[in-house]
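Residue-level structural notes
Letter by letter, the chains look like this.
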Amino acid sequence: MAPNALPVISLAQPAETAAQALGASFASYGFAMVSDHGIDPALIDRAWDLTARFFALPEARKLAWHQPGMAGARGYTPFGREIAKGARASDLKEFWHIGRERPAFHPLLSPSMPPNVWPDKPDGFLDVFEPLFASFDRTGALILSHIARFLDLAPDWFEPAIADGNSVLRLLHYPPIGDHSEGAIRAGAHEDINLITLLLGAEEAGLELLTRVGEWIAVNPPEGALVVNIGDMLQRLTNHALPSTTHRVRNPQGARAQRSRYSMPFFLHLRSDFLIRTLPGCVSEAAPDRYPVPVTADAFLQERLAEIGLK
């Protein structure tokens, strides 16, 4: 394995073996790459096709599904609306958000967990992305069970914490680089807000993470593999034992700059009412509690949405 290269970890291997391999990668990098994740390749192919077709629609048509005042929680968010915390220029991207389908009377429905918006074009959007959301959900829960084992918790520790969680599937389009790119990149250096992120589409070059020694390294999974990274909520829960690593999507050079880039991150979130309280097993004399005051997952989310310009 090349220096600083992330290993590819099979989720088909015995649970304890996978747990230790994933935990070691997360503890060192905040990132891991996983194979044998169980998400149907045919479903993924259909999702890529629909994603490209949706973003190829005229801007006025896409804006019909923009939801002002919803902080980008559902539907379409136009180009240039999101900005990395502390950045001077907005990211060069547009995206669509799909959340958990819940009955109208569900107790966790709120402005931050509204009903989904489904476009009427291209055809088949709901039929593909509803089962894809469910597949990401299952794979994410499996990865969290491995993380729980690594942290010496019961394998099902996260199950009640993520039940009906405010997870989001994002369909991302980075258009070809043009004159508007002055001083901006496709995704500025940032950390994710949520518990863990599962990412499809990183095979296309551009995703980089910042190591603990301050070096940017490329994250290039083999075809079909997922990239998984730790978010700020899990970093806080583990008292930084599992770090939320800074990452970015840099601008391509040459002919690649004239091509669109698509990716599909699934931001796995806690329940909105879950109280993020530092795990006792992650606190010691050498590692005192950085977060003695707990916070609900939704309060944490709202604070961060304001920081990235969506609220």
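Residues numbered from 1 in each chain as written. Predicted model: local features only at pLDDT ≥ 70, side-chain atom pairs only at ≥ 80, totals over all residues. Heavy atoms only, no water.

**Details of helix 7 (residues 297–307)**
Buried residues of helix 7: A297, F300, L301, Q302, R304 and L305, and no others. Here the buried face of helix 7 lies against helix 6 (232–237), strand 13 (275–276) and strand 14 (295–296). (Buried < 20%, exposed > 50% of the residue type's maximum accessible area, 1.4 Å probe, protein only. Helix = DSSP H or I, 4+ residues; strand = E, 2+ residues; numbered from the N terminus. Contact = heavy atoms within 4.5 Å.)

**Some points on the sheet that holds strand 10 (residues 226–230)**
Taken in spatial order, the 8 strands of this open sheet run 1-2-10-7-12-5-4-3, and their pairing is mixed. Lying at the two open borders of the sheet, with one neighbouring strand each, are strand 1 (8–10) and strand 3 (75–77). On average, adjacent strands in this sheet sit at an angle of 25° to one another, irrespective of strand direction. Bridging between strand 3 and strand 4 (residues 94–99) involves 3 bridges; their strand directions are antiparallel. By the bridge assignment, Y76 is partnered in strand 4 with W96. Against the sheet, helix 2 (residues 41–55) touches strand 3, strand 4, strand 5 (168–174), strand 7 (196–200) and strand 12 (261–268), its axis set at about 115° to strand 12. (Pairing = 2+ DSSP bridges. Axes fitted to C-alpha atoms, helices over the stretch in contact; angles between N-to-C directions.)

**Examining the nonpolar core**
One finds W96, F129, L132, I147, L169 and I196 to be the most contacted residues of the largest nonpolar core, which totals 61 residues. With 10 residues, helix 4 (residues 125–150) is the single largest residue contributor to this core. Among all residues touching L132, those that are not within four sequence positions of it are I39, L43, I44, A47, L169 and M264. Residues L199, I217, V219 and V249 belong to the second largest nonpolar core, which totals 16 residues. (Core = buried A, V, L, I, M, F, W, Y, C linked by side-chain atoms within 4.5 Å.)

**So, a negative patch on the surface**
Negative charge collects at one region of the surface, where D40, D45, E203 and E223 lie side by side. Residue position: D45 is located in helix 2. The class for D45 is exposed, based on a relative accessible area of 52%. (Patch = residues over 30% accessible without salt bridge, like charges linked within 9 Å, V, L, I, M, F, W, Y side chains within 5 Å. Areas by Shrake-Rupley, 256 points an atom, 1.4 Å probe, with all protein chains shown as cover. Salt bridge = Lys/Arg side-chain N within 4 Å of Asp/Glu carboxyl O. Lys, Arg positive; Asp, Glu negative; His and termini not counted. Charge placed at Lys NZ, Arg CZ, Asp CG, Glu CD.)

**Regarding the sheet that holds strand 8 (residues 207–210)**
Spatially, the 4 strands line up as an open sheet ordered 6-11-8-9, and their pairing is antiparallel. Of all the strands in the sheet, just strand 6 (187–190) and strand 9 (216–218) have a single pairing partner and so form its edges. Averaged over all adjacent pairs, the angle separating strand axes in this sheet is 20°, with direction ignored. When strand 6 meets strand 11 (residues 247–249), the two strands line up antiparallel, connected through 2 bridges. Looking across to strand 11, one finds that A187 is bridged to V249.

**Things to note about the packing of helix 2 against helix 4**
Helix 4 packs onto helix 2 with a crossing angle of 130° between their chain directions and a minimal axis gap of 10 Å. Taken together, the axes of helix 2 and helix 4 lie oblique to each other. Considering the relative orientation of helix 2 and helix 4, their crossing is left-handed. On helix 4, the residues touching L43, I44, R46, A47, L50, T51 and F54 of helix 2 are F125, V128, F129, P131, L132 and S135. (Parallel < 35°, antiparallel > 145°, perpendicular 65-115°, else oblique. Left-handed = near helix turned anticlockwise from the far one by under 90°.)

**Notes on helix 1 (residues 15–29)**
The first and last C-alpha atoms of helix 1 sit 21 Å apart over 15 residues, in line with the 21 Å expected at 1.5 Å per residue. Looking at helix 1, one finds that the buried residues are A18, A19, L22, G23, S25, F26 and Y29. The arc that holds the buried residues of helix 1, viewed along the axis, is 165°, so those residues lie on one side. On its buried side, helix 1 packs onto strand 1, strand 2 (31–35), helix 4, strand 8, strand 9 and strand 10. (Expected span 1.5 Å × (residues − 1). Arc of directions from axis to C-beta.)

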